[in-house]
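# Chains, contacts and geometry: an overview
Here are the chains, one letter per residue:
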Amino acid sequence: MSIAKIQHHFEQAAQLKLLQAYLISNKNKLIINGLTGSALSFVLAEIYKNAAQSILLILEEKEEAAYIFNDLEELIPDKPLLFYPASYKRPYQIEETDNANILLRSEVLNKISSNKKPLFTVTYPDALFEKVVTKSTLKKNTLTVGVGDSISLDFVNEVLFEYQFQRVDFVSSPGEFSVRGGIVDVFSFSNDKPYRIEFFGDEVESIRTFDIETQLSLQKLQKIQLLPNIENKAMLENRESFLQYIPNNTLIIHKNKDFIFGQLDKLFEKAERAFQNAANLLQTTAPLNLFTSGNEFSQLLTAFKTIQLGTFENTDLSDETIVFNTKPQPSFNKHFELLF
């Protein structure tokens, strides 16, 4: 059976019609039971296809989140999907961060703040533990450059140094830039490809993305946003929970909220211990301003319309519930013909 046929089967399911009714209702809490394996991915894809608001999916751990994210990329390739990871920077430790994850986090924040259409973001507790810069801070620290803009190369150079970009001969990772004649190559934290900005005097003549290895141009652009490493100012800027950053009408779909709250509390306790050990050495910001505890997250969650992905054992059946009667793939015991 093809993926298209399976999708059509879910489209026609009575449970999907109940789900659509819930999305447009005034109710704020729903439980979905009985989804096994990738059946969850098919249901999520159908919800997103018809959603009028953004969706935040919170799963228990990174591996599960990445698995579902890959499923959704296959099922709805024409819809924007975002993966929001943890930065893996340990609280109050002076160390190099993973620029690839910082780029992904910055890209998600930038798209949420600038995109008018519904977005689907997949994440997990470790990523939500770290508070984010406010939208006003992000806007203040973003340089927008467009073709035809009257802007000097020297000004761009100064701004990039202010954003703590490193000047190199050839850019290879986020946070780097190079200047050759009237050309600026810059690897912003808002895009997974570097930009090449060509100047004619003090006017931006062209903007393109390019391949790091071949140096060949990939795509012409009319306008770009140059975003710094937003984690560099973690000790200085005001921060807020990711739930305070996303739109108020976002639909939040979560799995095992008790685990989510517990994981956030566990991480918060570690941050508090690290803060106490670091407080005698340097002036630092308290954990409450940088990280989200389980209790704070629980309180913020009540303001959103939610869907809990439950099991028959851990849900309160007094809540409105939709049951999908899917079953696990039975063991085929090396009978590959049966599996096919």
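The following refers to the structure shown. Quantities reported herein were computed from a predicted structural model and do not represent experimental measurements.

Each helix and strand in the protein was counted, giving 13 helices and 17 strands. In the protein, which comprises 340 residues, the proportion classed as buried is 49%. Working note: accessible area of the protein is about 18,000 Å², and carbon and sulfur atoms make up 50% of it.

Formed by 69 residues in total, the largest nonpolar core has its most connected members in Leu19 and Phe242. With eight residues, helix H3 (residues 39-50) is the single largest residue contributor to this core. Look past the residues within four positions of Leu19 in its chain and what remains in contact with it is Leu30, Ile32, Val43, Ile47, Ile307, Ile322 and Phe324. Counting residues in hydrophobic clusters, the runner-up holds 25 residues, among them Val159, Val186, Phe189 and Val204.

Think of two packed helices as two axes; the pair is described by the angle between the axes and how far apart they sit. At their nearest, the axes of helix H1 (residues 3-11) and H3 sit 10 Å apart, and the two run at 70° to each other. Classified by the angle between their axes, H1 and H3 sit roughly perpendicular to one another. Seen along the crossing, H1 lies across H3 with a hand that is right-handed. Side by side, H1 and H3 meet where Ile3, Ile6, Gln7, Phe10 and Glu11 of the first sit next to Ala39, Phe42, Val43, Glu46 and Lys49 of the second. Its residues placed into classes, the contact of H1 with H3 shows six nonpolar, one polar and three charged.

A few words now on the pairing of strand E8 (residues 176-180). In terms of burial, E8 is a largely internal element, four of the five residues being buried. Relative to E8, strand E7 (residues 166-167) runs parallel, the two being bridged by two bridges. If you follow Gln166 over to E8, its bridge partner there is Glu176. By the bridge criterion, four bridges tie E8 to strand E9 (residues 183-186) in an arrangement that is antiparallel. Across the sheet, the residue bridging to Arg180 is Ile183, located in E9. From the end of E8 to the start of E9, which pair antiparallel, there are two residues, and Gly181 there has a positive phi angle of about 60°.

Moving on: the sheet that holds strand E10 (residues 195-200). With respect to topology, six strands assemble into an open sheet ordered E7-E8-E9-E10-E11-E12, the strand pairing being mixed. Of all the strands in the sheet, the pair left with one neighbour each is E7 and strand E12 (217-221). Contacting E7, E8, E9 and E10, helix H8 (residues 153-162) crosses the sheet at an angle of about 155° to E8.

Conventions adopted
- Residues numbered from 1 in each chain as written.
- Predicted model: local features only at pLDDT ≥ 70, side-chain atom pairs only at ≥ 80, totals over all residues.
- Heavy atoms only, no water.
- Helix = DSSP H or I, 4+ residues; strand = E, 2+ residues; numbered from the N terminus.
- Buried < 20%, exposed > 50% of the residue type's maximum accessible area, 1.4 Å probe, protein only.
- Areas by Shrake-Rupley, 256 points an atom, 1.4 Å probe, with all protein chains shown as cover.
- Core = buried A, V, L, I, M, F, W, Y, C linked by side-chain atoms within 4.5 Å.
- Contact = heavy atoms within 4.5 Å.
- Axes fitted to C-alpha atoms, helices over the stretch in contact; angles between N-to-C directions.
- Parallel < 35°, antiparallel > 145°, perpendicular 65-115°, else oblique.
- Left-handed = near helix turned anticlockwise from the far one by under 90°.
- Nonpolar A, V, L, I, M, F, W, Y, C, P; charged D, E, K, R; others polar.
- Pairing = 2+ DSSP bridges.

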